[in-house]
Amino acid sequence: MADSLDVLSTLKLVYTIYAIVAISLIAWYAYSITQKGGEIKTASKGIFWSYVAVLIVMGTGLHFLTFNLVPWVPMDLDRANIKAEKTFKITYKDHVITLDENPMRVPCNKYVIFDADSEDLTYGFGIFRQNHTLVTQMQVVPNNGNDLMWKFGKNGTYYIRSTEYSGPKGAHMIIEDAVIVSGCSEDDIHSIK
Amino acid sequence: MSYLNKLMDGHDGGLKHEGMTPMQKIAMRFVVIGLLYYGLAALEGMIMRAYEITPLPFIDETHFFSIMTVHPMVGIFGSSYMIVFGAFLFLTPFLMEKPIYSLKMANGSWMFIGGGVLIMWLAGFLFSYAPLYTLYWPLPADTEQFTAIGGIVYIVGVVGIMIGTFLYTYNVFKTIVYTPKGWEKQPSGALLRSALGLTAIANFFRKKETKHLVPLPIAAIARGTIDVGLNAIVISTAGVLILIYLVGNGLFSMDLQDTWVDALLYKNIFWWGLDLVADGLVLVFVAGTWYLLAMMISGKDLYMQNVARAALFVEMVVSWTVWSHHLMSDQGQSNALKVLSGEVVTAFELVTQGIAVFIVLTTLYKAKPIKMTNELKFLLGGILGFMLAVPAGIIQADLGMNRILHNTQWIIGNHVHVAILVGLTMTLYSAIYVLFPILTNGVKLYSQKLASAHFWLHLVGGIGMGAFMGMAGIDGMLRRTIYYNGEYNTYMILAGICGAMMMLAFILFLYNIIMSIGLKGLLGIYQPSKIDTHDCLVQEKDK
Ligand code: HEM
């Protein structure tokens, strides 16, 4: 099962390649429009509309791709109908995160829900590896339901921190070792303590 | 000629402000203030860049966050709005070939916006008011960490900016549709329909196309201006709401309940309005500016002109319906809104912006070979900026990707700064280079070498800074967060070097402009013009 590291490293590779292609294309174009020679033909209507079609396919196709390849997309959209193994209650107030269960012990490959409530401001809930890469996150909006369903496929110990700005104090809202996943056959090498 | 003389009088005689028309002066006033505010935003950016490498001893955390709050306001309202409004208040009458509706309103616009930004900046500097992020003003209003008085001063600043914005909006539309005194009656309704793009849409279904009454750049200006006006209404309403809470809870210790306004509903409405700046101002205005620049640089008609007009209309409608891509990680937001508005409609920004890129590049190509002038260089830089930043935005507007990118440095690096600093700012520099001789009655540039250095330092610095912030974001670095243990130092040092390149680029540009027009000419811009605008323009039939 793909995790955030797999998706993010693919993004880094694909976007870097795209950026190099875009920069090269403009550099080549900039050079070629200053050069004489060759018959100047403008793109036909056919080429133009095919290009528009490609843009539509690429823009919307990305979402079909992630729906099928990124496991948390269908899970998130259907979370109202999926039964969770465990629900963890989390409360935010006065820039303090309080966990009903600390640490939150998560069984491997089972659906769990992180259910956060804010009693004052808008905060964020993010789970991070020991190397600070992000596993997942959600916004924590006061007086609204904030439920994040997740499934962990690797053993590890994760910290949580508020991912939304809530004034200078917000930068210190961190709980070390708040999530411990066990029972998997594989370790998350960046989260082993 | 001694250096001091050159500095005072400018290169090759410099700017003779006595011969400038009121409109030239007004446009220059906007642009000069816009550039100074850009310098302030860049300076603040560099302070933050340094702080993100290692916390600076003379700035405490509270002040760091207040810099971060005013920085985008100074950049967007103080600089981008100012330069864009100045250029468009000049171009609208220029392209419509009639006097501007009101010179007083135009002067009022730069005074209110410029003054408003200053007051808002003071709220950060003096009172460390800093609850906002990326211009988003969250509710409930926090009166624990921030003083009510700081918030009130901030709101006064915002009011100034919004008044200036409303004046600009009204003036632009009035200029398009009004009939100047003594002129033959203008067809206001038809002009408005053409400006809004309704004529272009109707042309798709007509056998015989109706002639467009307004030039294409006017259509772009009009459509972007609608978004600017709507956005000003939303920000003003939010300001009033927050003022009520600040005065009630902060000053009079009342107990106004947070639950009166649902935080998620408020967030939806605010982001709806705020996105009109990102999509209305940036994408629509930029596309319109590109079209104008492409026609002026190439001397050719625009390729696929009717499609370009229709695409501008589509972009305006798209910009009204994409706000949900800011709420993809809000679990209370409905799935339907996340998928339809957040993912699907947002994808059409790739289409409309892609169409603009294609049309502009094809139009320029028709004029091949063309000289690589400053305006062309910067235009291509601006196009590249959007070619990089728009796909980055489409990627983060995806349910799978947003879960792991939201609020990271990716958003603010690869997407926001590349769009603003490379895409928008380079487009504006291109427009400045095109308009410079028109606005200054032909003042010559002091140094081409400095202009080239400005271009390369800005381009490489802008793309580089965005890239290193983006990589830090992919590795989990949050935005608006201080890391005390050097977790992302390699990326932050590299981003700092790129930021310094952009800062240097700006200093070189400013020096080049000051040396070209001279300090006397610069100050003269702010003296009243001796020429009457109405004498400069006569109706076509009377020529
Ligand atoms: C040399 C020029 C600039 C530099 C070096 C710079 C640098 C920065 C830095 C370091 C941050 C904080 C990133 C974080 O940790 O969250 C930031 C935030 C931001 N900047 Fe810039 N910046 C520059 C110019 C601009 C301009 C001209 C604009 C707008 C027109 C702008 C818009 C923003 C926005 C919207 C944010 C996000 C603020 C927030 O989180 O609320 N920047 N910039």
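Draft legend 1. Expanded view of the domain arrangement of chain A. Taken as a whole, chain A is organised into domain 1 (4-71) and domain 2 (78-182). A separation of 37 Å is found between the C-alpha centroids of domain 1 of chain A and domain 2 of chain A.

Draft legend 2. View of the state of the cysteines. Residues and elements named next belong to chain A. In the structure shown here, the tally under the stated rule is one disulfide over all chains. With its sulfur 2.0 Å from that of its partner, Cys108 forms a disulfide with Cys184. Handedness of the Cys108-Cys184 disulfide follows from its S-S torsion of about 115 degrees: it is right-handed. Within this pair, whereas Cys108 is found in the loop between strand E3 (104-107) and strand E4 (112-118), its partner Cys184 is found in the segment after strand E9 (174-182), the two being separated by 76 residues in sequence.

Draft legend 3. Just the sheet that holds strand E1 (residues 86-93) of chain A, in detail. All names here are of chain A. Judged by pairing direction, the sheet is mixed, and its four strands sit side by side in the order E2-E1-E4-E7 without closing on themselves. The outermost strands of the open sheet, each flanked by one partner alone, are strand E2 (96-99) and strand E7 (146-150). In this sheet, adjacent strand axes meet at a mean angle of 20 degrees when their direction is disregarded. In the sheet, E1 pairs with E2 via four bridges, with the strands oriented antiparallel. Bridge assignment links Tyr92 to a residue of E2, and that residue is Ile97.

Draft legend 4. Structural detail: the nonpolar core. Counting residues in each nonpolar core, the largest one holds 233 residues, and the members touching the most others are Phe114(A) and Phe152(A). Considering every element that reaches this core, the biggest residue donor is helix H9 (residues 263-298) of chain B, with 21 residues. When residues of this core are sorted by domain, at least three fall in each of domain 1 (4-71) and domain 2 (78-182) of chain A. Apart from residues lying up to four places away in sequence, Phe114(A) is in contact with Phe88(A), Ile90(A), Met104(A), Phe125(A), Ile127(A), Met138(A), Asn146(A), Asp147(A), Leu148(A), Trp150(A), Phe152(A) and Val179(A). Residues Leu134(A), Ala472(B), Leu478(B) and Tyr491(B) belong to the second largest nonpolar core, which totals 10 residues.

Draft legend 5. Quick peek at the pairing of strand E5 (residues 123-128) of chain A. Residues and elements named next belong to chain A. Across the six residues that make up E5, a large majority, six, are buried. Judged by which residues are buried, E5 turns out to be covered on both faces: Tyr123, Phe125 and Ile127 on one side and Gly124, Gly126 and Phe128 on the other are all buried. Counted between consecutive antiparallel strands, the loop separating E5 from strand E6 (residues 134-140) contains five residues, among which His132 sits at a positive phi close to 75 degrees. As defined by bridge partners, E5 adjoins strand E8 (residues 156-161) across three bridges and the pair is classed as antiparallel. Note on E8: the bridge partner recorded for Phe128 is Tyr159.

Draft legend 6. Representation of the packing of helix H1 (residues 4-33) of chain A against helix H15 (residues 448-474) of chain B within the structure. For the pair H1(A) and H15(B), the least separation of the axes is 10 Å and the interaxial angle reads 165 degrees. Classified by the angle their axes make, H1(A) and H15(B) are roughly antiparallel. Where H1(A) crosses over H15(B), the two elements pack in a sense that is right-handed. Here Leu8(A), Leu11(A), Lys12(A) and Ile23(A) of H1(A) come into contact with H15(B), specifically with Ile463(B), Met471(B) and Ile474(B). Taken together, the residues that form the contact of H1(A) with H15(B) break down as six nonpolar, no polar and one charged.

Draft legend 7. Inspection of the coordination of the iron atom of the ligand at higher detail. All names here are of chain B. Within the protein, the atoms that donate to the iron atom of the ligand are His71 (NE2) and His417 (NE2), at distances of 2.0 Å. With six donor atoms in place around the iron atom of the ligand and angles of 87 to 179 degrees between them, the coordination shape is octahedral. Linking His71 in helix H3 (residues 61-96) with His417 in helix H14 (residues 409-439), this pair joins segments that are 346 residues apart in sequence. Like His71, the residue His417 is buried in the burial classification.

Draft legend 8. Just the interface of chain A and chain B, in detail. Listed by partner, the interface residues are 78 residues for chain A and 85 residues for chain B. Interface area, chain A with chain B, both sides summed: about 6,900 Å², of which 68% is carbon and sulfur. Among the residues chain A hides against chain B, the three largest losses belong to Tyr15(A), Ile33(A) and Tyr165(A). Together they make up 10% of the total. Our enumeration of links across chain A and chain B arrives at two salt bridges. Applying the counting rule to chain A against chain B returns 32 residue pairs in polar contact (both at pLDDT 80 or more). Of all the secondary-structure elements, those providing two or more residues to the side of chain A that touches chain B are H1, helix H2 (45-69), helix H3 (72-77), E6 and E7 of chain A. With 16 residues, H1(A) is the largest single contributor of residues to the side of chain A that touches chain B.

Draft legend 9. Structural view of the layout of surface pockets. Taken as a whole, the largest pocket spans an internal volume of roughly 1,300 Å³. Along the walls of the largest pocket sit 41 residues, with Tyr18(A), Leu55(A), Met58(A), Leu350(B) and Pro391(B) positioned nearest its centre. Every element with two or more residues in the lining of the largest pocket is listed here: H1 and H2 of chain A together with helix H11 (335-366) and helix H12 (374-396) of chain B. The element best represented in the lining of the largest pocket is H1(A), accounting for 12 residues. Within the lining of the largest pocket, the residues separate by chemical class into 33 nonpolar, seven polar and one charged. Approximately 530 Å³ is the volume found for the second largest pocket. Lining the second largest pocket are 22 residues, with Glu119(A), Asp120(A), Leu121(A), Glu144(B) and Asp258(B) sitting closest to its centre.

Draft legend 10. Structural detail: a nonpolar patch on the surface. Residue and element names in this part refer to chain B. A cluster of nonpolar side chains, Leu118, Leu122, Phe125, Leu126, Phe127 and Ile149, forms an exposed patch at the surface whose accessible area comes to about 530 Å². If you tally residues by element for the nonpolar patch, the top one is helix H4 (residues 103-127), at five residues. With respect to the secondary-structure elements, Leu118 resides in helix H4.

Draft legend 11. Geometry of the packing of aromatic side chains. Applying the stated criterion across every chain, the model contains 46 aromatic pairs over all chains. Look at Phe88(B) and Phe285(B): their rings are 4.8 Å apart centre to centre, the planes differ by 80 degrees, and that puts the pair in the edge-to-face class. Here Phe88(B) is found in helix H3, whereas its partner Phe285(B) is found in helix H9, with 197 residues between them in sequence. For the pair formed by Phe88(B) and Phe285(B), the shared burial category is buried. Taken together, the ring pairs connect Tyr165(A), Tyr51(B), Phe64(B), Phe65(B), Tyr133(B), Tyr136(B), Tyr266(B), Phe270(B) and Trp271(B) into an aromatic cluster. Taking the ring centre of Phe455(B) as reference, the NZ or CZ of Lys377(B) above it sits at 5.7 Å. The ring of Tyr165(A) is capped by Arg480(B), whose NZ or CZ atom sits 4.1 Å from the centre of that ring.

So, how was this worked out
- Residues numbered from 1 in each chain as written.
- Chains lettered and ligands numbered in written order.
- Predicted model: local features only at pLDDT ≥ 70, side-chain atom pairs only at ≥ 80, totals over all residues.
- Heavy atoms only, no water.
- Domains from an automatic or database assignment.
- Disulfide = S-S within 2.5 Å.
- Helix = DSSP H or I, 4+ residues; strand = E, 2+ residues; numbered from the N terminus.
- Pairing = 2+ DSSP bridges.
- Axes fitted to C-alpha atoms, helices over the stretch in contact; angles between N-to-C directions.
- Core = buried A, V, L, I, M, F, W, Y, C linked by side-chain atoms within 4.5 Å.
- Buried < 20%, exposed > 50% of the residue type's maximum accessible area, 1.4 Å probe, protein only.
- Contact = heavy atoms within 4.5 Å.
- Parallel < 35°, antiparallel > 145°, perpendicular 65-115°, else oblique.
- Left-handed = near helix turned anticlockwise from the far one by under 90°.
- Nonpolar A, V, L, I, M, F, W, Y, C, P; charged D, E, K, R; others polar.
- Donors = N, O, S within 2.8 Å, 3.2 Å for Na, K, Ca; no water.
- Tetrahedral: all angles 85-135°; square planar, octahedral: opposite > 155°, others 65-115°.
- Buried area = accessible area lost by both parts, 1.4 Å probe.
- Salt bridge = Lys/Arg side-chain N within 4 Å of Asp/Glu carboxyl O.
- Polar contact = N/O pair within 3.5 Å; in protein donor to acceptor, adjacent residues only side chain to side chain.
- 1 Å grid on protein atoms, 1.4 Å probe; cavity = no way out; pocket = protein on both sides within 12 Å on 5 of 7 lines; lining within 4 Å.
- Points joined across faces, edges and corners; volume = space filled by probe spheres on them.
- Patch = residues over 30% accessible without salt bridge, like charges linked within 9 Å, V, L, I, M, F, W, Y side chains within 5 Å.
- Areas by Shrake-Rupley, 256 points an atom, 1.4 Å probe, with all protein chains shown as cover.
- Phe/Tyr/Trp six-rings, centres within 6.5 Å; stacked < 30°, edge-to-face > 60°.
- Lys NZ or Arg CZ within 6 Å of the ring centre and 35° of its normal.

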